[in-house]
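Fold and geometry: a report
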Amino acid sequence: MGDQDQKQDKQKIKTTRLIILILSALLLFGNNYSFDNPQALQSQIMEEVHISLTEFNYLYSFFSFPNILLTLIGGYFIDRIGSRKSILIFASLVTVSQTIIAFGGKYQSFHLMLFGRVFLGIASENLIISQNVIITAWFKGHQLSTASGCIVTLPEIAAALNSYFSPMIYDYTGSITYPLFTSVFVCIFSLLCAILLLFFDKTREQILQQEKLEKSNISSNDESHDTLNDSQQITQNTLHTERARLQEIREFPALYWYLTAICSLCLGIYISFMDDVSDYYQKKFQFKPVEAGKFITIPYIFSALLCPFIGYYIDKVGHRRFFLMITSFLFIIAQILFGSVHVASNEKWIAAIPLIIQGLAFTCYSCVMIPCVQYIVDQKYMGTAFGILGMFESIALCFFPIIASKIVESADDLQTGYKNMSLFYSILGLFSLFLCITLYHYESSNKLDFIDPNNPLPEEIRKLNEYSMITEEKCSISEEK
C-alpha cells in the first residue's frame with residue numbers, strides 16, 4: 001500500500017510539473033502576441049497614423065527604454081514580494097497596457113500608442129522575469145534547458161499567429177483597430193492562465209520537500225550528498241524566507257557579466273531586426289503585406305518546433321560554452337544572408353533561408369543562453385540577476401532599432417539602407433562571437449559545461465573516474481587470482 005501511495009505521489013508531481021510548464025508558456029502567449037503587433041502591421045501603422053520609420057521604431061525603443069533601470073528594480077521587487085504576486089500584477093498590467101495601445105490605434109493617436117508601449121514594456125519584461133524565477137524553482141538543475149525549450153514553444157507560436165493573422169484582419173476590416181483589439185483579448189486569456197498558474201504554484205514547497213525525502217532513500221552512499229543538495233534547493237526555492245540584497249550584486253561572478261553582454265547583443269540583434277522585418281521584406285524583396293506576414297512566421301514556427309528538442313539535447317550533453325559560440329555564429333550568418341540575398345519574383349522561397357537560420361539562432365539563444373543564468377547565480381538572487389540581464393537587454397533594444405532606422409533613412413535608397421542595416425547587425429554579431437570565444441577560454445572547467453549542477457563533475461571527468469574505478473577493480477581481481 002505504501003508503494004502504491006508513493007507511485008501516486010510521483011505521478012501527481014509529474015502532472016503538476018507538466019501543468020506548471022504549460023501554464024508558464026501560456027502566461028507569455030498574450031505578451032508575445034502584443035509585443036509583435038506593430039511589427040506585423042508596420043506599413044499599415046506608418047500609413048494610418050502618419051509616421052516615419054524612425055518614429056515607428058520609437059514604439060519599440062519606448063517599450064525598452066524604461067526597463068534600463070526598472071527591470072533591475074523589478075527584479076529586486078520580485079525577490080521581495082515573491083514571483084506569484086508579481087505575476088498577477090504584471091500580467092494585469094500587460095492587459096491594461098495593450099488596451100491603451102488599441103485605443104491609440106483606434107483614434108490614430110501616436111502619443112497614446114507610445115504611452116501604452118511604455119507601460120507594456122515595464123509590465124512585459126518584469127512578467128518574463130517573474131516567470132523565469134518560477135521555472136528555475138520548479139526545474140532547477142539538469143532539466144532547465146528542456147523546460148526552457150518547451151516554454152518557448154507557445155509564445156513563439158503566438159508571435160507567428162500575430163504575424164500571420166494581423167495583416168489578414170487588417171485587409172478584411174481596413175483598420176488597425178481590429179487587430180490591435182484582438183491582441184487585448186489574447187492578453188485576457190493569458191491573464192486567466194496566470195491566475196491558474198498561481199494556484200498550482202502554491203504546492204511548490206510541499207512537492208520539493210517530498211522529492212527531497214524520496215531522493216534521500218535512494219542509497220546510503222548518496223544520501224548525505226543528495227540531502228544536502230536538495231535541502232539547499234528547498235531553501236533557495238522558498239523565496240519568501242530569504243531576501244535578496246542589492247549589495248549582493250558585487251558578488252556575482254565574472255561569468256555572469258560575460259553572459260549578460262552576450263545575451264544582450266544576441267537578443268538585440270534578433271528582436272531589433274524582427275521589429276522591421278515586415279517593411280524589410282516589402283521594400284527589399286517586393287513582398288505584399290500579407291505575403292510578408294506569412295514569411296515572417298518562419299523563425300517563430302521554427303523556434304517553436306525545435307526548442308523542446310534542442311533544450312533536451314543540451315541538457316543531455318552539456319557543453320554550453322560551445323553552443324554559445326554557435327548561437328552568435330548563426331546570428332552573423334543570418335544577417336549576412338539578409339543583406340546579400342537577391343530574390344526574383346519566381347524564386348521567393350530563397351527569402352525563407354535567412355529566416356530559418358534566424359529562427360535556429362533564436363532557438364539556441366532560448367535553450368542555451370537564458371538557462372545558463374541559473375547555473376551561476378543562487379536561486380534567492382534569481383530575480384535580481386534576471387533584472388540586471390533585462391536592464392542590459394533593454395539598453396540594446398532601446399538603441400539598436402533607432403540606430404538601424406537612421407542607417408536605413410540616411411542611405412541613398414532603401415535597398416542600400418537595408419543592406420547597411422544587416423551589416424550593422426553582423427558587426428554586433430561578431431562582437432558577440434568574440435565575447436563567446438573569450439568566455440570559452442575564461443575558465444576551462446566552468447559550470448556552464450556541467451550536465452547537472454548538483455553533480456560537480458563534467459561528463460568527461462565522470463566517465464574517466466568510472467573507467468579508473470573499473471580498472472582498479474580488474475587489477476585487484478587479477479592480484480587476488
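Residues numbered from 1 in each chain as written. Predicted model: local features only at pLDDT ≥ 70, side-chain atom pairs only at ≥ 80, totals over all residues. Heavy atoms only, no water.

This is how it is decided: UniProt positions are given in the numbering used here, feature names are shortened, and annotations may be inferred rather than shown by experiment.
Labelled according to an unreviewed UniProt entry, the protein chain appears under the name Major facilitator superfamily (MFS) profile domain-containing protein, originating from Paramecium primaurelia. Its UniProt record gives the protein chain the following Subcellular location (unreviewed entry) comment, quoted word for word: "Endomembrane system". As its UniProt record puts it under Sequence similarities (unreviewed entry), the protein chain is described as follows: "Belongs to the major facilitator superfamily."

**Structural notes on the overall build of the protein chain**
Selection rule: To qualify as a helix, a DSSP run of H or I must reach at least 4 residues; to qualify as a strand, a run of E must reach at least 2; elements of each kind are numbered from the N terminus. In what follows, a contact means two residues having at least one pair of non-hydrogen atoms within 4.5 Å. Per-residue and other accessible areas follow the Shrake-Rupley method at a 1.4 Å probe size, with only the shown protein chains counted as cover for residues.
The helix and strand inventory of the protein chain stands at 20 helices and 0 strands. A separation threshold of at least 6 residues defines the contact pool for the protein chain, and within that pool the share at least 24 residues apart is 85%. Summed over all atoms, the accessible surface of the protein chain reaches about 20,700 Å², with 65% contributed by carbon and sulfur.

**As for the confidence of the model for the protein chain**
For clarity, the threshold we go by: Scored between 0 and 100, pLDDT is the confidence that the predictor attaches to each residue.
Put simply, the protein chain has an average pLDDT of 78, and 78% of its residues get 70 or more. pLDDT under 50 marks residues 218-244. Its contacts with residues more than four places away, or in other chains, come to 46 contacts. Of the regions scoring below 50 in pLDDT, residues 456-472 engages in 8 contacts with residues more than four places distant in sequence or in other chains.

**Points about the pattern of salt bridges**
For clarity, the cut-off: Each reported salt bridge corresponds to a side-chain nitrogen of Lys or Arg within 4 Å of a carboxyl oxygen of Asp or Glu.
Taken as a whole and assessed by the stated rule, the structure comprises 2 salt bridges. The shortest N-O distance in the salt bridge between K283 and D279 comes to 2.9 Å. Here K283 pairs with D279, and both are found in helix α14 (residues 277-284), just 4 residues apart, close to one helical turn. Here K348 makes a salt bridge to E291, at a shortest N to O gap of 3.2 Å. Taken together, the residues K348 in the loop between α16 (320-340) and α17 (352-376) and E291 in helix α15 (residues 289-317) connect sequence positions 57 residues apart.

**Points about the nonpolar core**
Basically, it comes down to this: Take the buried residues of types Ala, Val, Leu, Ile, Met, Phe, Trp, Tyr and Cys, join any two whose side-chain atoms come within 4.5 Å, and each joined set is a nonpolar core. Exposure categories follow from relative accessible area, calculated using a 1.4 Å probe and restricted to protein chains: below 20% of the type maximum is buried, above 50% is exposed, and the middle band is partly exposed.
Y256, Y281, V373 and Y425 are the most contacted members of the largest nonpolar core, which has 132 residues in total. No other element matches α17, which puts 14 residues into this core. If we ignore the near neighbours within four places in the chain, the residues touching Y425 are G268, I269, S272, F273, Q335, F400 and A404.

**So, a nonpolar patch on the surface**
How we decide: Like charges within 9 Å and nonpolar side chains (Val, Leu, Ile, Met, Phe, Trp, Tyr) within 5 Å are joined into patches, using only residues over 30% in relative accessible area that form no salt bridge.
A cluster of nonpolar side chains, contributed by F65, W257, F392, I395, F399 and I403, occupies part of the molecular surface with about 520 Å² of accessible area. Here the element with the most residues in the nonpolar patch is helix α18 (residues 382-410); it accounts for 4 residues. If you trace the backbone, F399 turns up in helix α18. Here F399 falls in the partly exposed class, since its relative accessible area comes to 41%.

**Remarks on unusual backbone geometry**
Although it is not a glycine, H50 adopts a positive phi angle of roughly 65°. Secondary-structure assignment places H50 in the loop between α4 (42-49) and α5 (53-64).

**Regarding the packing of aromatic side chains**
What counts, and what does not: Planes of paired rings set the category: under 30 degrees apart is stacked, over 60 is edge-to-face and the rest tilted, where pairs are Phe, Tyr or Trp rings (Trp by its six-membered ring) whose centres lie within 6.5 Å. The criterion is that NZ of a Lys, or CZ of an Arg, lies within 6 Å of the ring centre and within 35 degrees of the ring normal, and then a charge sits over that ring.
Counted by the stated rule, this structure contains 32 aromatic pairs. With centroids separated by 4.8 Å and ring planes inclined at 65°, the aromatic side chains of F35 and F63 adopt a geometry described as edge-to-face. Residue F35 is located in helix α2 (residues 29-35), and its partner F63 is located in helix α5; the two are separated by 28 residues in the primary sequence. Just as F35 is buried, F63 falls in that class too. Taken together, the ring pairs connect F273, Y280, Y281, F285, F287, F295, F338, F400, Y418, F424 and Y425 into an aromatic cluster. A cation sits over an aromatic face here: R321 above Y440, 4.6 Å from the ring centre.

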